[in-house]
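# Tertiary structure, described
What follows is each chain in one-letter form.
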Amino acid sequence: MQIKLVILDRDGTINRASDEFVKSPDEWHPLPGALEAISRLNHAGFHVVLATNQSGLGRGLFDMAALNAVHGYMLKNLAAAGGRIDAIFYCPHAPDEGCACRKPAPGLLMQIQERYGIDLAGVPYVGDSLRDMEAAQAAGCAPHLVLTGRHPDMQNQVLPPNFPANTQVHTDLAAFVDHLLGDASSTTQL
């Protein structure tokens, strides 16, 4: 039996994104309802995994200790909300390094597939950017765009043609969870 899995982006999906990068726990701020949404997924039997570009490492803006501190703080706050993240997969490379794991490449998602020994076909991938949706499509995941990060202006808009045609759009992570758990009124397919 295949496990129930949801893959999430981090910045702009779970927490506020920053053009200056999230470099320390005090710069990490959860988006309204995001931690509770992950908890709802867990309580519905879903494993939740992160796939996140963290190019601040490759750019020298923070080190592994700082990234681990941010993730520790995130996990502590999530536990207080009754939720958990089962694994964190991240790309540490700068954009110009040409790696296979930096989204929009599907490398992180392929690592998840290998770790869990499952086919990712149809597994929801939730992110806030075009590159998240492209990675999802390349790995066979179902792309779900949340409007809490890079594309808040897309509400009630037709997605540009460069987005995968099957991208579903949600106001935020809580609306995605409503959709996944059965309240389809919170979703728009554009």
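That block above? That's the structure.
The following refers to the structure shown. Just so it is clear, the structure is predicted and the values come from calculations on it, not from any experiment. Counting of residues starts from 1 at the beginning of each chain's written sequence and follows it residue by residue. In keeping with the model being predicted, local features are shown solely for residues with a pLDDT of at least 70 and side-chain atom pairs are shown and tallied solely at 80 or more, while totals for entire chains, interfaces and linings include all residues. To get the side-chain values, all heavy atoms of the structure are used, and hydrogens and water are removed first.

## With respect to unusual backbone geometry
- The backbone of F21 sits at a positive phi, close to 75°, despite the residue not being glycine.
- Think of it this way: any DSSP run of H or I at least four residues long counts as a helix, any run of E at least two long counts as a strand, and we number them from the N terminus. Mapped onto the fold, F21 is located in the loop between strand 1 (5-8) and helix 1 (34-43).
- When accessible area is computed with a 1.4 Å probe and restricted to protein chains, residues below 20% of their type maximum are described as buried, those above 50% as exposed, and intermediate ones as partly exposed. Classification of F21 by relative accessible area gives partly exposed; the value is 23%.

## Here we look at the pattern of salt bridges
- Every case where a carboxyl oxygen of Asp or Glu lies within 4 Å of a side-chain nitrogen of Lys or Arg is listed as a salt bridge. Overall, the coordinates contain six salt bridges when judged by the stated rule.
- Two residues, R40 and D178, come together in a salt bridge whose shortest N-O distance is 2.9 Å. Of the two residues, R40 is situated in helix 1 and D178 in helix 6 (residues 173-180); the sequence distance between them amounts to 138 residues.
- Judged by its relative accessible area of 34%, R40 falls in the partly exposed class.
- A relative accessible area of 23% places D178 in the partly exposed class.
- K103 is the partner of D132 in a salt bridge, and the nearest nitrogen-oxygen pair spans 2.8 Å. Remark: K103 occurs in the loop between strand 3 (87-91) and helix 4 (107-116) and D132 occurs in helix 5 (residues 130-139); sequence separation between them is 29 residues. In this structure, D132 and K103 share a single accessibility class: buried.
- One connected set of salt bridges, linked through shared partners, spans D9, K103 and D132.

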